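If you want the building blocks of each chain, they are given just below.
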Amino acid sequence: MTQDYNQITIPEATALQQELRSKVLIQAPDFPINTVAGADISFNKNSTTVYAGIVVLKFPELQPVAYCLVKKEVTFPYVPGYLAFREVPALLEAWKLLKVKPDVLVVDGHGIAHPRGLGIAAHFGVLTGQPAIGCAKKLLFGKYDEPGEQRGDFSPLLNKGVMIGAVLRTKPNVKPVFVSPGYKMDVPGSLSLITQCIGNYRLPEPTRLAHNAVNHFREGTLPEGCVNTL
DNA sequence: GCGACAG
DNA sequence: ATCTTGTCGC
């Protein structure tokens with residue numbers, strides 16, 4: 001039974017997460033990675049309009065080659081642990097309009113590093129079958145020790161002794177990011193890919209460019225729609 | 001009961 | 001996340 005995320009209740013959302021969690025596939029990527037994409041959402045305070053976007057870049061060059069921007073109404077509130085019910089619908093709209101799907105999608109949020117093992121990246125992956133990775137800016141679930149201060153240094157993100165992700169330093173002396181597999185990816189593969197997506201900023205290029213795009217879109221600097229830069 | 005708590 | 005002012009450093 002499919003649900004309208006804007007009308008779903010927390011108990012129903014919890015049940016759906018537990019159901020979808022059994023469909024999550026965590027495995028080493030066995031396919032070539034020539035493109036990677038970043039997905040993010042932006043919105044004005046006190047507004048139900050969300051601006052979603054997905055930016056595709058060549059890998060490992062990290063040069064943007066296409067992007068899709070869509071606007072959607074959302075009433076489901078932000079509740080820690082249920083971010084997907086607020087952002088996935090809009091991201092799916094953008095996803096459907098994307099001409100060429102990327103080999104891997106990096107979502108702004110967590111993958112399996114979630115209380116019920118189903119962060120937004122895992123949720124999106126199960127729904128679309130798309131290999132995905134979660135890259136968040138803050139901890140939601142799990143324990144970790146502060147990683148080294150140099151770019152590339154990382155420490156394991158653990159849950160009862162099991163590695164569910166990694167805390168990665170993408171920039172010297174700057175707060176680290178939290179990486180965890182979402183779908184058809186594993187911890188080593190996710191950490192490796194994100195590390196290779198590091199540019200000169202705290203956020204890896206896919207997520208950083210997606211964040212920039214949705215903000216320009218919200219501010220009117222970029223129009224709604226899809227574009228292929230090649 | 002007391003903290004923690006993606007965006 | 002967004003909003004907003006101020007400060008530090010290249």
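Each value, and the rule that gives it
Residues numbered from 1 in each chain as written. Chains lettered and ligands numbered in written order. Predicted model: local features only at pLDDT ≥ 70, side-chain atom pairs only at ≥ 80, totals over all residues. Heavy atoms only, no water. Core = buried A, V, L, I, M, F, W, Y, C linked by side-chain atoms within 4.5 Å. Buried < 20%, exposed > 50% of the residue type's maximum accessible area, 1.4 Å probe, protein only. Helix = DSSP H or I, 4+ residues; strand = E, 2+ residues; numbered from the N terminus. Contact = heavy atoms within 4.5 Å. Disulfide = S-S within 2.5 Å. UniProt positions renumbered as here; feature names shortened; annotations may be inferred. 1 Å grid on protein atoms, 1.4 Å probe; cavity = no way out; pocket = protein on both sides within 12 Å on 5 of 7 lines; lining within 4 Å.

In terms of nonpolar packing, the biggest core is built from 44 residues, with Ile54, Phe85, Leu91 and Leu105 touching the most fellow members. Element by element, the count of residues in this core is highest for helix H2 (residues 84-97), at seven residues. Discounting chain neighbours no more than four positions away, the residues touching leucine 105 are Ala37, Gly38, Ala39, Ile54, Trp95, Phe124, Gln130, Pro131, Ala132 and Ile133.

The next point concerns the state of the cysteines. Counted by the stated rule, this structure contains one disulfide. With a sulfur-sulfur separation of 2.0 Å, cysteine 68 is cross-linked through a disulfide to cysteine 226. One end of the pair, cysteine 68, is in strand E3 (residues 64-73); the other, cysteine 226, is in strand E9 (residues 225-228), with 158 residues separating them in the sequence. In this structure cysteine 68 comes out as buried when scored by relative accessible area, which is 0%. You can see cysteine 135 has no disulfide; the closest cysteine sulfur is in cysteine 197, sitting 9.1 Å from it. Owing to a relative accessible area of 0%, cysteine 197 belongs among the buried residues under this scheme.

Sites flagged by UniProt as "binding site: Mg(2+)" (unreviewed entry) map to Asp40 and Asp108. Spanning 69 residues, the named residues nonetheless gather at one spot, since no C-alpha pair among them exceeds 5.6 Å. Those annotated residues lining the largest pocket are, specifically, Asp40 and Asp108. Contacts of aspartate 40, omitting those with residues within four sequence positions, involve Tyr51, Ala52, Gly53, Leu91, Asp108, Ala210, His211 and Val214.

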